[in-house]
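# Examining the three-dimensional arrangement
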Amino acid sequence: MDKPWPTCVVKSCIGIRIGEHGRCLTHSEPASQDEYFADVTPGSKVDLRGTEISSPLIDRLLAATRIEGGRAAFGDVDLTEASLSAAMFRRVDFIGRATFDSANLGEVYFIDASFAGEAGFRHVTFAQECVFDAVKFGGMANFQEACFKDGAILDEDTAFLGSAWFEKAIFLGRTYFGGVGFNGFAQFGGASFSCSVSFRGAVFEESAQFQDVHFGGGLDFAGVVVAQEAVFRGAEFEKADLLGPMLVEKLTLKSAVFRRNIRIESDVLESDTLEIDCTRAVFEEGVSLRLSRAEVKFDQVILRKPSTIVADTAVALLSLRETDVADLMLTDVSLSECRFAGAHHLDKLRLEGTCTFGSLRKRQVLAEELAWRADRSAPVGPRRIADLYRQLRKAQEDSKNEPGAADFYYGEMEMRRHSPATPWSERFILYLYWLVSGYGLRALRALATLAVLIALVTVAFTAAGFKTTPAFGDTLIYVAQSTVSLETKLTSLPKGLTPFGEVMRLVMRVLGPLLLGLTLLAVRNRVKR
């Protein structure tokens, strides 16, 4: 294949020519090699594209560019498609652009080295374990589609001051990025880690992109700090059982797939709120989210085994749309802004600890109801909200939270009363039920209704209930006793009732116990646990 440089005259060699004799550095005569190295000085430009460079030639190159007693310095270096079986770049400064694109590197080490300009390692094949020890990348470091056949080690003293690109890189061995500093944009999109990988203690000053990454082995993200967003959109985790604990501003797990039971732990700075987006994530063996100061989106999530979301401090769940929550347990999570419409098996959702909902006139309400009351044209109307309340009431009852279940029963009745789909006769009955006792949940309202009823009937009895007119106080006692179906023993009351009085007594013997029963029921629903 033709190359964009003049190649060596030796058959099958693609090394660039270094002199008039038409040969590459490796195939040149010793005298020609001496002549080449004589022209190399610290800061010189080096162009050895396509050349198979032996370890002795590398050593001579480093010696020629090394300041006496100090560091080696290169200007622009171009080793595109070169082959290095072994090399030790110790205390080397690449002050210009360094290009290793499509090179084949064997036992190559970069120790206490620096790249001032762009460092290009696109499509490089690292045949053996690659080591970057205390290396500083001042410009963009590009490892796109590089292949690390025996893994890679980048120690905590290595730093990427510019952007770091590992897009579609392949890591076939154990990989270590522990403590590495990424001062710029870090892109690992489409990369593949066949074995275990560690980013323990790594610091990302901007976003960390791991979209569509395949993690085939163990995963260590403990102590990782991401100043902006950590993106794992579409990533696949084969064996990882722990992600975190991390310090991150936003964590995106959209469409990620976890093959094992995974525990995700994350936190944010004191003044921040962590955003976690799990939309369309798949948890084959379940998930345990343990969070602090976080807001979680849990839409269209697939949970195939029991899962939990546990709040250490101030965690809000924002949405469960189209998620089957039959195997989900929430502990101490705020649900005041959570949208439940579209979720499946809400009646099997488990609520533990202090899970709080929205509040309206001292009762717990769903965010959907608050949205509907603010805008009657909201997409989720009373009929659907009533269904949500009915299912969540069952969940509250299973959690032995009777007061919470009572609030959801009240909400269900309210939505049925307001729903245009409810027949007018049923709506009228519900209106009366709400008016006299708050659906059997407002004890004071039922007592007040009973008191008004007793007062009105007392007046009616005084006016026309007896054949003769009794004292008002005696009539009041008579009506009160009739309320609890007791026979009066007051001798001062007339013995005979008018037909109207008989009707009034019948009314009190029916409605009085009913209202007393509603009062006791309301009290029971509030105090029962």
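Scoring rules and cut-offs
- Residues numbered from 1 in each chain as written.
- Predicted model: local features only at pLDDT ≥ 70, side-chain atom pairs only at ≥ 80, totals over all residues.
- Heavy atoms only, no water.
- Core = buried A, V, L, I, M, F, W, Y, C linked by side-chain atoms within 4.5 Å.
- Buried < 20%, exposed > 50% of the residue type's maximum accessible area, 1.4 Å probe, protein only.
- Contact = heavy atoms within 4.5 Å.
- Pairing = 2+ DSSP bridges.
- Helix = DSSP H or I, 4+ residues; strand = E, 2+ residues; numbered from the N terminus.
- Patch = residues over 30% accessible without salt bridge, like charges linked within 9 Å, V, L, I, M, F, W, Y side chains within 5 Å.
- Areas by Shrake-Rupley, 256 points an atom, 1.4 Å probe, with all protein chains shown as cover.
- Salt bridge = Lys/Arg side-chain N within 4 Å of Asp/Glu carboxyl O.
- Expected span 1.5 Å × (residues − 1).
- Arc of directions from axis to C-beta.
- Lys, Arg positive; Asp, Glu negative; His and termini not counted.
- Charge placed at Lys NZ, Arg CZ, Asp CG, Glu CD.
- Axes fitted to C-alpha atoms, helices over the stretch in contact; angles between N-to-C directions.
- Left-handed = near helix turned anticlockwise from the far one by under 90°.
- Nonpolar A, V, L, I, M, F, W, Y, C, P; charged D, E, K, R; others polar.
- Disulfide = S-S within 2.5 Å.

### Thoughts on the nonpolar core
The biggest cluster of nonpolar side chains holds 127 residues, and the ones touching the most others in it are Phe121, Phe143, Phe199, Phe232, Phe298 and Phe340. Once residues lying within four places of it in the same chain are set aside, the contact partners of Phe232 are Phe210, Gln211, Phe215, Phe221, Phe237, Leu243, Leu251, Thr252, Leu253, Lys254 and Ala256. Formed by 13 residues, the second largest nonpolar core is a distinct cluster that contains Val457, Leu497, Leu515 and Leu518.

### Regarding the pairing of strand β31 (residues 242-252)
Both strand β29 (residues 225-231) and β31 contribute to a ladder of 5 bridges, which runs parallel. Counted as the bridge partner of Val231 is Thr252 from β31. As defined by bridge partners, β31 adjoins strand β33 (residues 262-267) across 4 bridges and the pair is classed as parallel. Among the inter-strand pairings, Met246 is bridged to a residue of β33, identified as Ser266. Sheet analysis places β31 next to strand β34 (residues 274-277), joined by 3 bridges and oriented parallel. When the sheet's bridge partners are listed, Lys250 is paired in β34 with Glu275.

### A look at a nonpolar patch on the surface
Side chains of Trp424, Phe428, Ile429, Tyr431, Leu432 and Leu435 sit close together on the surface and give an oily, nonpolar patch of about 680 Å² of accessible area. By secondary structure assignment, the location of Leu432 is in helix α6 (residues 424-437).

### Remarks on helix α7 (residues 443-464)
Spanning 22 residues, α7 covers 31 Å between terminal C-alpha atoms, matching the ideal 32 Å at 1.5 Å per step. Taken as a whole, α7 has its buried residues at Ala443, Ala446, Leu450, Leu453, Ile454, Val457, Thr458, Ala460 and Phe461. Along the long axis of α7, the arc covered by the buried residues comes to 165°, so they all point the same way. For α7, the exposed residues set more than 90 degrees away from the buried face come down to Leu444, Leu456 and Ala463.

### What about a negative patch on the surface?
Together, Glu249, Glu275, Glu295 and Glu337 make up a negatively charged patch on the protein surface. Structurally, Glu249 is set in strand β31.

### Focus: the pattern of salt bridges
On inspection of all chains with the given rule, the structure shows 28 salt bridges. Between Arg71 and Asp112 there is a salt bridge whose closest N-O contact spans 3.1 Å. Of this pair, Arg71 sits in the loop between α2 (55-65) and β3 (72-74) while Asp112 is found in the loop between β8 (104-111) and β9 (114-115), placing the two residues 41 residues apart along the sequence. Overall, the relative accessible area of 24% leaves Arg71 in the partly exposed class. Residue classification places Asp112 among the partly exposed positions, given a relative accessible area of 32%. The closest approach of N and O atoms between Arg259 and Glu284, which form a salt bridge, is 3.2 Å. Here Glu284 lies in the loop between β35 (282-283) and β36 (287-297) and Arg259 lies in the loop between β32 (257-258) and β33, a separation of 25 residues in the sequence. Accessibility expressed as a relative area gives 33% for Arg259, which makes it partly exposed. The network of salt bridges with common partners includes Arg363, Glu369, Arg373, Glu414 and Arg417.

### Observations regarding the pairing of β8
Bridging between strand β5 (residues 83-90) and β8 involves 7 bridges; their strand directions are parallel. Among the inter-strand pairings, Ala86 is bridged to a residue of β8, identified as Glu107. In this sheet, strand β11 (residues 125-126) lies alongside β8 in parallel orientation, the contact comprising 2 bridges. When the bridges of β11 are listed, Asn104 appears paired with Thr125.

### Some remarks on the packing of helix α3 (residues 367-374) against helix α5 (residues 402-418)
Packing of α3 against α5 leaves a shortest axis separation of 12 Å and a crossing angle of 35°. Remark: the crossing between α3 and α5 carries left-handed chirality. Every residue of α5 that contacts α3 at Glu369, Trp372 and Arg373 is listed here: Gly411, Glu414, Met415 and His418. Taken together, the residues that form the contact of α3 with α5 break down as 2 nonpolar, 2 polar and 3 charged.

### Describing the state of the cysteines
Applying the stated criterion across every chain, the model contains 0 disulfides. Just so you know, Cys8 is unpaired, no disulfide at all, and the nearest cysteine sulfur is the one on Cys13, 3.9 Å from it. The thiol of Cys13 is unpaired, and the distance to the nearest cysteine sulfur, on Cys24, comes to 3.6 Å.

Purely spatial values, then, with no claim about function.
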